[in-house]
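Summary of structural features
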Amino acid sequence: MDAKIQEIVKKEGFSGSVIVTQGEDLVYSKGFGYRNLAESLPNQMDTRFGIASGSKLFTAVAIAQLVEQNLFDYDTPVHQLLYQSLACIDERVTIHHLLTHTSGIPDYFDESVMDDFSELWEEKPMYKMEKLEDFVPMFKDKEKVFEPGEKFHYNNAGFIVLGLVVEAVSNTTFTDYVAENIFKPAGMYNSGYDRLDQLPGNTALGYVEKAGALTTNMYAVPVIGGADGGAFVTGPDMNGFWDVFLGGKLVGESHVERLITKHIKVKEGISYGYGIWLDDVNEEIVYHAMGYDPGVSFHSCVYPKGHWKVTVLSNHGSGAFPIVKAVEELFMK
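It should be emphasised that the depicted structure is a prediction, and the values quoted were computed from it without experimental measurement. (Residues numbered from 1 in each chain as written. Predicted model: local features only at pLDDT ≥ 70, side-chain atom pairs only at ≥ 80, totals over all residues. Heavy atoms only, no water.)

**Re the overall build of the protein**
Selection criterion: A run of H or I in DSSP becomes a helix once it reaches four residues, and a run of E becomes a strand once it reaches two; helices and strands are each numbered from the N terminus. The globule rule is 2.2 Å times the number of residues to the power 0.38, and the radius of gyration it is compared with is taken over C-alpha atoms. Throughout, exposure labels follow a simple rule: accessible area from a 1.4 Å probe, protein chains only, divided by the maximum for the residue type, with under 20% read as buried, over 50% as exposed, and the rest as partly exposed. Here, two residues are considered to be in contact whenever any of their heavy atoms come within 4.5 Å of each other. For the purpose of counting charges, residues Lys and Arg are taken to be positive, whereas Asp and Glu are taken to be negative. His and the chain ends are not included. Charge positions are represented by NZ for Lys, CZ for Arg, CG for Asp and CD for Glu.
A count of helices and strands for the protein gives eight helices and 14 strands. The C-alpha atoms of the protein give 19 Å as radius of gyration, which agrees with the globular expectation for 333 residues (20 Å, within 12%). In terms of its C-alpha atoms, the protein occupies a principal-axis envelope of roughly 55 × 45 × 35 Å. Burial statistics for the protein: of 333 residues in total, 56% are counted as buried. Considering only residue pairs separated by 6 or more positions, the protein has 66% of its internal contacts joining residues 24 or more positions apart. Charged side chains of the protein number 27 positive and 46 negative; the gap between the two group centres comes to 3 Å.

Here it is as structure tokens:
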């Protein structure tokens, strides 16, 4: 495994950490490259990395917890739960539609037509994006894209709305809710929604290439993450999360099953549950969380049959996926 990973690290110039566990056993853990280039501080196995949209899984778990408390249902129309009515959300749109990217509501960043996330902040400075409601003006006046439930279309705004639902129902901020009800009970003591201008120690700065040089992603992503992405985690914390979540310790078994059910087909061999990708790999369904932002590349996978878990975090915009696939090939031999 190490030889295979080292080969890709050298080829891709990978910077990040790789954690592989089987059951409760740690099989592989290593850091590569630097979390801070200017200070030559190396990435370690327990370095904290941004995970971009990988955070959507935490949002889905938060929603499931509130459903479990009978505060609403997956089929509840969203407009019944929000403080303010948003004309861009069809009255038929339910929590289920948002969780599965089938709502048809407009997005503030449509990844199918926009290439560079950082372009968003040229007119609306990223340092002003501090709360979920700060994103609403970026999509609220747009027209719906398609009828609710018609098809899958990846949608970041939908998860912003889910976060607003969490805030409205729990009467607390989304990030505080996740910290108290997901990170804390999951033992994720080195994870959180950190401000880019207040990063704690042993946290990797994200790096992007600009004019032939590497610069931090400080001005390329929102100053703090939220319901659609932007949490910081460590590899050990993420692998531990899977154990606690799949073990029914964050939500009951019926809700765990709901999250990992194939609700919508994305393309051949790939489906989507609630905040989680489901990949068909050699007659096995692999649970998959992933995220990409400028200066962020993240994949975390569970292979249920062999009880394998793989988390690859990078503070560059690419590199995690090739390592995940290489390790996967070793499992599947």
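**Digging into the sheet that holds strand E14 (residues 308-314)**
Our working rule: A strand pair is defined by DSSP finding two or more bridges across the two strands. Lines fitted to the C-alpha atoms define the axes, with helices restricted to the stretch that makes contact. Angles between their N-to-C directions range from 0 to 180 degrees.
Taken in spatial order, the eight strands of this open sheet run E2-E1-E14-E13-E12-E11-E10-E9, and their pairing is antiparallel. The open sheet has two free edges, formed respectively by strand E2 (25-32) and strand E9 (264-267), since each of these has just one partner strand. Between one strand axis and the next, the sheet turns through 20° on average, direction left out of account. Along the sheet, helix H1 (residues 2-12) makes contact with strand E1 (16-22) and E2, crossing E2 at roughly 25°.

**Some remarks on the pattern of salt bridges**
Our working rule: Should a side-chain nitrogen of Lys or Arg be within 4 Å of a carboxyl oxygen of Asp or Glu, the pair is scored as a salt bridge.
Counted according to the given criterion, the structure contains 16 salt bridges. Between lysine 144 and glutamate 147 there is a salt bridge; the shortest N-O distance is 3.1 Å. The class of glutamate 147 is partly exposed, set by a relative accessible area of 33%. For the salt bridge of lysine 265 with glutamate 268, the shortest nitrogen-to-oxygen distance reads 3.1 Å. Accessibility expressed as a relative area gives 68% for glutamate 268, which makes it exposed.

**Concerning the nonpolar core**
So the rule is basically this: Here, the term nonpolar core denotes a set of buried Ala, Val, Leu, Ile, Met, Phe, Trp, Tyr and Cys residues that are joined through side-chain atoms within 4.5 Å.
Core analysis: the largest hydrophobic core is formed by 83 residues, its most contacted members being Phe58, Ile63, Ile95, Phe241, Trp242 and Phe245. Apart from residues lying up to four places away in sequence, phenylalanine 245 is in contact with Val61, Leu250, Val251, Val256, Leu259 and Ile260. Formed by 21 residues, the second largest nonpolar core is a distinct cluster that contains Ile8, Val9, Phe32 and Val281.

**Some remarks on a nonpolar patch on the surface**
Under the convention used in this document: Residues form patches when they are more than 30% accessible in relative terms and have no salt bridge. Like charges link within 9 Å. Nonpolar side chains (Val, Leu, Ile, Met, Phe, Trp, Tyr) link within 5 Å. Accessibility throughout is a Shrake-Rupley quantity obtained with a 1.4 Å probe, and a residue counts as covered only by protein chains that appear here.
On the surface, Tyr34, Leu37 and Leu214 cluster together into a nonpolar patch covering about 260 Å² of accessible area. Looking at where tyrosine 34 falls in the secondary structure, it is placed in strand E3 (residues 34-36). Assessed through its relative accessible area of 38%, tyrosine 34 is described here as partly exposed.

**Side note on the pairing of strand E13 (residues 296-303)**
For E13, a buried count of eight out of eight residues is recorded, marking the element as mostly surrounded by other parts of the structure. In E13, alternate side chains face the same way, and those of Val296, Phe298, Ser300 and Val302 on one face and Ser297, His299, Cys301 and Tyr303 on the other are all buried. By the bridge criterion, seven bridges tie strand E12 (residues 284-293) to E13 in an arrangement that is antiparallel. Each bridged residue has a counterpart across the sheet, and for alanine 289 the counterpart in E13 is serine 300. Hairpin remark: E12 followed by E13, antiparallel, with two residues in the connecting loop; positive phi at glycine 295, about 80°. Across seven bridges, E13 lies against E14 in antiparallel orientation. Across the sheet, residue serine 297 finds its bridge partner in E14, namely serine 314. Once E13 ends, the chain turns through four residues before running back antiparallel as E14, passing histidine 307 with a positive phi of about 60°.

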